[in-house]
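Each chain, letter by letter, is given below.
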Amino acid sequence: MSETIAVIPGDGIGREVVPAAVRVLDALDMGFSFAMGEAGDDTLADTGEALPDRTVELVENSDATLFGAAGETAADVILPLRAAVGSFANVRPARAYPGVDAVKPETDLVFVRENTEGVYSGIESEVAPGVTTLTRVVTEEASRRITEFGFDYAEERDEPVTVAHKANVMRTTDGQFVESVADVAEERGVEYDAALMDALAMQLITQPEEYGVIVCPNLAGDVLSDLAAGLVGGLGLLPSANIGPENALFEPVHGSAPDIAGEGVANPAATILSTAMMLEHLEYENAGSRVRAAVEKTLEEGPHTPDLGGSATTEDVTSAVIERL
Ligand code: GGG
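In this report, the structure presented in the accompanying data block is examined. (Residues numbered from 1 in each chain as written. Predicted model: local features only at pLDDT ≥ 70, side-chain atom pairs only at ≥ 80, totals over all residues. Heavy atoms only, no water.)

### Considerations on the overall build of the protein
Of the regular secondary structure elements, the protein holds eleven helices and twelve strands. Compactness check: the protein gives a C-alpha radius of gyration of 19 Å against a globular reference of 20 Å for 325 residues, within 12% of the reference. Overall, the protein is about 50 × 45 × 40 Å in size when its C-alpha atoms are taken along their principal axes. Taken across its 325 residues, the protein has 53% of its residues classed as buried. Within the protein, contacts between residues at least 6 apart in sequence are counted, and of these 72% link residues at least 24 apart. Accessible area for the protein stands at about 14100 Å²; split by element, carbon and sulfur atoms hold 48% of it. (Helix = DSSP H or I, 4+ residues; strand = E, 2+ residues; numbered from the N terminus. Rg over C-alpha atoms; globule rule 2.2 N^0.38 Å. Buried < 20%, exposed > 50% of the residue type's maximum accessible area, 1.4 Å probe, protein only. Contact = heavy atoms within 4.5 Å. Areas by Shrake-Rupley, 256 points an atom, 1.4 Å probe, with all protein chains shown as cover.)

### Here we look at the packing of helix H1 (residues 14-28) against helix H9 (residues 269-281)
In contact at an axis separation of 8 Å, H1 and H9 are set at 45° when each is read in the N-to-C sense. Compared by their axis directions, H1 and H9 come out oblique. Remark: the crossing between H1 and H9 carries right-handed chirality. Residue-level contacts link Val 17, Val 18, Ala 21, Val 24, Leu 25 and Leu 28 of H1 to Thr 271, Ile 272, Thr 275, Met 278 and Leu 279 of H9. In terms of residue class, the contact of H1 with H9 is built from nine nonpolar, two polar and no charged. (Axes fitted to C-alpha atoms, helices over the stretch in contact; angles between N-to-C directions. Parallel < 35°, antiparallel > 145°, perpendicular 65-115°, else oblique. Left-handed = near helix turned anticlockwise from the far one by under 90°. Nonpolar A, V, L, I, M, F, W, Y, C, P; charged D, E, K, R; others polar.)

### Topic: the site of the ligand
What surrounds the ligand is a group of 14 residues, the closest being Ala 70, Arg 82, Arg 113, Pro 252 and His 254. The contact in question runs from a nitrogen atom of the ligand to an N or O atom on the backbone of Gly 68, over 2.9 Å. The separation between an oxygen atom of the ligand and a polar main-chain atom of Ala 70 is 2.7 Å. In the complex, 85% of the free accessible area of the ligand, which totals 350 Å², lies under the protein chains. The residue makeup of the shell around the ligand, split by class, is six nonpolar, three polar and five charged. (Near = heavy atom within 4 Å. Polar contact = N/O pair within 3.5 Å; in protein donor to acceptor, adjacent residues only side chain to side chain.)

Below is the structure:
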């Protein structure tokens, strides 16, 4: 085993939860090597660039990347990093765990978010003082690709698919999206539901158990997955994978949480669960399952960080996960 993992803590609590996840990977003793990279607000202040070329090269030359959190420079850091691994699908599971107070304990959802376009294409301008615009890009190619990925993902897990959109208002762009979804579904002969994303937000809160895999345009996936985090006990529990054809980047769904950064109390579960996704993606299924099981046991029995009502530190929780490995 000689995988090289690029490790980019980023900003805020990224610098606490990423070292915690690396401790867990070290404890597995799988012979991984770690290539540390810098990015984010402080990197911008120190070097004049939020994402130095060296960090991008490191990501491109690694077998997978573990990223922490982006702060004010998110658009200059996380979007290009996702592009550097060629990722087109952002997979965000949102599950309620025994032992954690959840608004909806029956929640078990996976958001499959289009990761390359939509309103996150970065095409913004100030056309006149006080007048700004944003171009929303939706292509047939990217819409079909995320749909194929979402259908494959759901098929492997025997889950229903719901497609979130707002084609009644964004008629051309989401019109393209829903048309591409319908074409792919017809070609594959598969069933799915389409739902207006605003109505779906309410349905997810009232009856999340009715849903499985939710295929979304970029912004909808970002927003709806955070909504689902609220159902299961918070953003400290949501891992994610950014998958490309040949490379991938793994990160917690949460951001840099400047309100608690530096206090040593950030919940490392989302990042450690992201490493479980990374291990599975690298085909170390057994190691991935062990990490996931150790996190689940720790969530069930404690200790818990303050976001889950406990008083444990990031270190305490990480040590408890490692003990349970
Ligand atoms: N680890 C995820 C992160 O740093 N999130 C901050 C953020 O602004 N994310 C936007 C996105 O996920 O597209």
